Amino acid sequence: MARISFAIRIAAAALSVTPAVAADLGRFPPPARFYPPSPIVRVYNWTGCYLGAQLGGAFADNKINGPLAGFLFIQNDSATAATVGGQVGCDLQFARNWVIGAQIDGAWTNLVSSEALTGSQGVPPGGKLDLAGNLFFKANVIATATGRIGYAVNFDSIAGLFYLKGGAAFVNYDSPAFNGQLTACSAFDPTKGVCTGTAVGSAVTFNSPSANQFGWTIGVGTEWAVMDNWSVFGEWDYMNFGTRNLTFTDPNLGSTQVSVKQQINVLKLGINYRFGNSLPQQYP
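Residues numbered from 1 in each chain as written. Predicted model: local features only at pLDDT ≥ 70, side-chain atom pairs only at ≥ 80, totals over all residues. Heavy atoms only, no water.

K.L.:
Hey, could you go over the pattern of salt bridges for me, with residue numbers and the actual values?
P.N.:
For the structure shown, the criterion picks out 11 salt bridges. Asp61 serves as the salt-bridge partner of Lys63, at 3.3 Å between the closest nitrogen and oxygen. Judged by its relative accessible area of 30%, Asp61 falls in the partly exposed class. The salt bridge involving Lys128 is made with Asp130; its shortest N-O contact spans 3.7 Å. Given the relative accessible area of 27%, Asp130 is considered partly exposed. (Salt bridge = Lys/Arg side-chain N within 4 Å of Asp/Glu carboxyl O. Buried < 20%, exposed > 50% of the residue type's maximum accessible area, 1.4 Å probe, protein only.)

In structure tokens form, the structure reads like this:
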């Protein structure tokens, strides 16, 4: 009888525990917190080649030194003109933000300096020789072959590049010339400032053939990728062509050499089409 009573107690205890266990089996642990993956950084890559066009302005500083028709001239003059041209190059982006590249560009211009030259000197026994005219010095083609290094940045929907460049420069001089009038007076009265003798005038036409000159250049600029494969840029270049001796020849007076030292500054704006990489549609 005692055994039956003990069995009944065990059965009752088991029945009372079963609902609690079942209740525990129906519970789930709280969900873990969800951490979204980090956004993918989408940045513009400047690696690739490009082809483009440019517009700008050129500013020349010329120093001219030499004899013309027996007169020695030492002149400084300047010239300003528009430029139009194009460029082609390639870039390589490395170390995340650094870009190196090489570029060839060329531009046509009408960079003409016209300097009025006048001179006067006595001729024994009491005569005088006067020269008056204009020296024309024109650059019509400017080109450079440069390397460049820059630092790339990204802002929202545009990408930028700030760069330095340097290398070789080229200029073509288009037929420099001096056109003027040489007047010889056999007798001159300095007190009255008039020719009292016979005055004979003759045209003076010194011409020099077209010539090429090489020099060096440095520059600074910035370029921005603004839409798909298109970018725009602004740039300043300084070009130094050193000193060149030009031979001027007149049919009657013969040949003479004139040295020309030229420096050119160019400000340009341009557009490039870049092959290979397009601007990402959005940035994180």
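From this point, the narrative continues.
K.L.:
Give a detailed account of the state of the cysteines, specifying residues and quantitative values.
P.N.:
The full count for this structure, using the stated rule, is 2 disulfides. Between the sulfur atoms of Cys49 and its disulfide partner Cys90 the distance amounts to 2.0 Å. Here the S-S torsion is close to 95°, and the disulfide linking Cys49 with Cys90 is therefore right-handed. Of the two residues, Cys49 sits in strand β1 (residues 48-68) while Cys90 sits in strand β2 (residues 71-94), which places them 41 residues apart along the sequence. Bonded cysteines in the protein chain are paired 1-2, 3-4 when counted in the order they occur along the chain. (Disulfide = S-S within 2.5 Å. Helix = DSSP H or I, 4+ residues; strand = E, 2+ residues; numbered from the N terminus.)

K.L.:
Residue-level account of the side chain of Asn172, with values.
P.N.:
Along the chain, Asn172 falls in strand β5 (residues 158-173). Within polar-contact distance, the side chain of Asn172 engages the backbone oxygen of Ala211 at 3.5 Å. Setting aside residues up to four positions removed in sequence, Asn172 forms contacts with Lys138, Ala139, Asn140, Val141, Ala211 and Asn212. (Polar contact = N/O pair within 3.5 Å; in protein donor to acceptor, adjacent residues only side chain to side chain. Contact = heavy atoms within 4.5 Å.)

K.L.:
Talk me through the nonpolar core; I want residue IDs and the actual numbers.
P.N.:
Membership of the largest hydrophobic core comes to 33 residues, with the highest contact counts inside it found for Leu68, Leu111, Leu131, Phe178 and Ile264. Per element, the largest residue contribution to this core is 6 residues, and it comes from strand β4 (residues 127-155). Residues in contact with Ile264, not counting those within four places in the same chain, are Ala58, Phe59, Ala60, Leu111, Ile142, Val171, Asp237, Tyr238, Met239 and Phe241. Counting 10 residues, the second-largest nonpolar core is a separate cluster that includes Tyr44, Leu161, Tyr163 and Leu279. (Core = buried A, V, L, I, M, F, W, Y, C linked by side-chain atoms within 4.5 Å.)

K.L.:
Describe unusual backbone geometry, naming the residues involved and giving the relevant values.
P.N.:
Backbone geometry at Ala95 places phi at a positive 50°, although glycine is not the residue there. Looking at the secondary structure, you find Ala95 in the loop between β2 and β3 (98-123). At Ser175, a residue that is not glycine, the phi angle is positive and equals roughly 45°.

K.L.:
Just give me the short version of the confidence of the model for the protein chain, but keep the residues and values in it.
P.N.:
Caution applies to low-pLDDT regions: their predicted coordinates should not be interpreted in detail. In the predicted model, the protein chain carries a mean pLDDT of 84, and 85% of its residues have values of at least 70. Of all helices and strands in the protein chain, the one with the weakest mean pLDDT is helix α1 (residues 2-25) (54), whereas β5 scores best (95). (pLDDT = per-residue confidence, 0-100.)

K.L.:
Which residues make up the environment of Gly101, and what values do they have?
P.N.:
Along the chain, the position of Gly101 falls in strand β3. Taking the relative accessible area as the measure of exposure, Gly101 reaches 18% and is therefore buried. Between the C-alpha atoms of Gly101 and Gly48, which are 53 residues apart in sequence, the distance is 9.3 Å. Once you skip the residues sitting within four places of it in the chain, Gly101 turns out to touch Cys90, Asp91, Thr146, Gly147 and Arg148.

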